[in-house]
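A look at the structure
As a plain string of letters, each chain reads:
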Amino acid sequence: MTGTDQASPPALRPATPPDPARHRRPRLSWVFVVGRHIGRAAIATGRATQRWALRPSGRFALPALALAALLAVAGSAGGYLVPATAPNQPLPVPSGGAQDTDPAQAGGPQLGVPTEPDPTDTSLPGMTDVPTEGPTAPAQPQDALVGWAGPLSTTLSIPIVALQAYGYAQLSEQQSEPACHLTWTTLAGIGKVESNHGRANGAELLSSGKAVPPIIGLPLDGNGNRAKITDTDHGQYDGDSVYDRAVGPMQFVPSTWNRYQVDADQDGTADPNDINDAALAAANYLCAGGRDLSKPGDWWAAILSYNALQSYAENVFTAANDYGIHSRGVI
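What counts, and at which threshold
Residues numbered from 1 in each chain as written. Predicted model: local features only at pLDDT ≥ 70, side-chain atom pairs only at ≥ 80, totals over all residues. Heavy atoms only, no water. Core = buried A, V, L, I, M, F, W, Y, C linked by side-chain atoms within 4.5 Å. Buried < 20%, exposed > 50% of the residue type's maximum accessible area, 1.4 Å probe, protein only. Helix = DSSP H or I, 4+ residues; strand = E, 2+ residues; numbered from the N terminus. Contact = heavy atoms within 4.5 Å. pLDDT = per-residue confidence, 0-100. Salt bridge = Lys/Arg side-chain N within 4 Å of Asp/Glu carboxyl O. Polar contact = N/O pair within 3.5 Å; in protein donor to acceptor, adjacent residues only side chain to side chain. Phe/Tyr/Trp six-rings, centres within 6.5 Å; stacked < 30°, edge-to-face > 60°.

1. What about the nonpolar core?
Grouped together as the largest cluster of nonpolar side chains are 55 residues, with contacts concentrated most on Y166, W184, L286 and Y306. When residues of this core are traced back to their parent elements, those giving at least two are α3 (146-156), α4 (160-176), α5 (184-195), α6 (254-260), α7 (275-286), α8 (296-306) and α9 (310-327). By residue number, the principal contributor to this core is α7, which donates nine residues. Other than its neighbours up to four places away in sequence, L286 contacts L182, T186, L187, I190, R291, L293, A302, I303 and Y306.

Below is the structure:
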């Protein structure tokens, strides 16, 4: 800046006599003053943002910022609304089964719960309706549900023995953990994703509930999005003495199976390859910690604790929701 460019000092102005009317005007409140400054700042920011948006970086970043703002507003307003009778927007989980995952770290988005079976359907008998002694007692308690499971098996393309296992697990959980509100459709959703209801790798379910041949997952060696879990069962369940593998129709990791195993069909053995035992063990696992699966947060946390990938939880939701919709009115 040269000397000739320097501004000359301002000329002195004569003092203006005070205006008596000025003292009669109400003073602006501090709220109005602050608001005026905020408004000016917002206008300036808007103009700057408009100029930035015309740049290459702005053209890509601005839509993302707008979307983030909309999601933040929707979340603060109460979460995402989901139709009760249609699948939620998918979350996008690896096959590997009930892995030891901290449910608090696996909470999914609040997308609602799957459509439940018809609540007015009374064809699923209660546990007190199942005889345990005498000539009419079934070979295993799940067999008492054959009349309920038969029509559904055809409609849903689920083996009847698998449906009996899921239904029995629901009834059992209603007695032991009534506040959990577990439905058989959630178990069926897991069974569908994990092993196609005991039919993965060419296996089939016997009338006893056992999958033949046994369903053994890939080694949990840390590859292919799989967890890394070194051997915990000395190969007792999975035949692998180096890494654990998920086992059975519900794909339990051996360490988790040892914690939740149960002899649901009362044949004297708790077997992860028996869908009767595996379904009830899965029900106990999902309801652990006082979860209420009628609440979206608890439902998603339970499924993601079973296998902590969002795509897995989405697939389970879709399957469970479809079973809930298509089972209504069958019986």
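Still more ground to cover, so stick around.
2. A word on the confidence of the model for the protein
In regions of low pLDDT, the predicted coordinates are not meant to be interpreted in detail. The predicted model of the protein averages 74 in pLDDT, with 61% of residues at 70 or higher. The low-confidence segment residues 1-35 (pLDDT under 50) makes four contacts with residues lying over four places distant or belonging to another chain. Note on residues 48-97: pLDDT under 50 across the span, and 73 contacts to partners over four residues away in sequence or across chains.

3. Remarks on α8
For α8, the buried fraction is high: eight of the 11 residues fall into the buried class. Buried residues of α8: W299, W300, A301, A302, I303, L304, S305 and Y306, and no others.

4. Some points on the pattern of salt bridges
Applying the stated criterion across every chain yields a total of three salt bridges. The partner of R245 in a salt bridge is D240, and the shortest N-O contact between them spans 2.9 Å.

5. Thoughts on the environment of R226
The topology assignment puts R226 in the loop between β3 (216-219) and β4 (245-247). Every residue in contact with R226, bar those within four places of it in the chain, is listed here: L218, P219, L220 and D221. Within the local environment of R226, its side chain forms a polar contact with the backbone oxygen of P219, the two atoms lying 2.8 Å apart.

6. Points about the packing of aromatic side chains
Enumeration over the complete set of coordinates arrives at eight aromatic pairs. Ring geometry for F252 against Y306: centres 6.0 Å apart, planes inclined by 65°, an arrangement best described as edge-to-face. Remark: Y306 occurs in helix α8 and F252 occurs in the loop between β4 and α6; sequence separation between them is 54 residues. No difference in accessibility class separates F252 from Y306, as the two residues are buried. Aromatic pair W299 and F317: ring centres 5.8 Å apart, planes at 90°, arrangement edge-to-face. Separated by 18 residues along the polypeptide, W299 in helix α8 and F317 in helix α9 bring together distant segments of the chain. Classification of W299 as buried rests on a relative accessible area of 1%. Grouping aromatic residues by their ring pairs yields a cluster made of F252, W257, Y260, Y285 and Y306.

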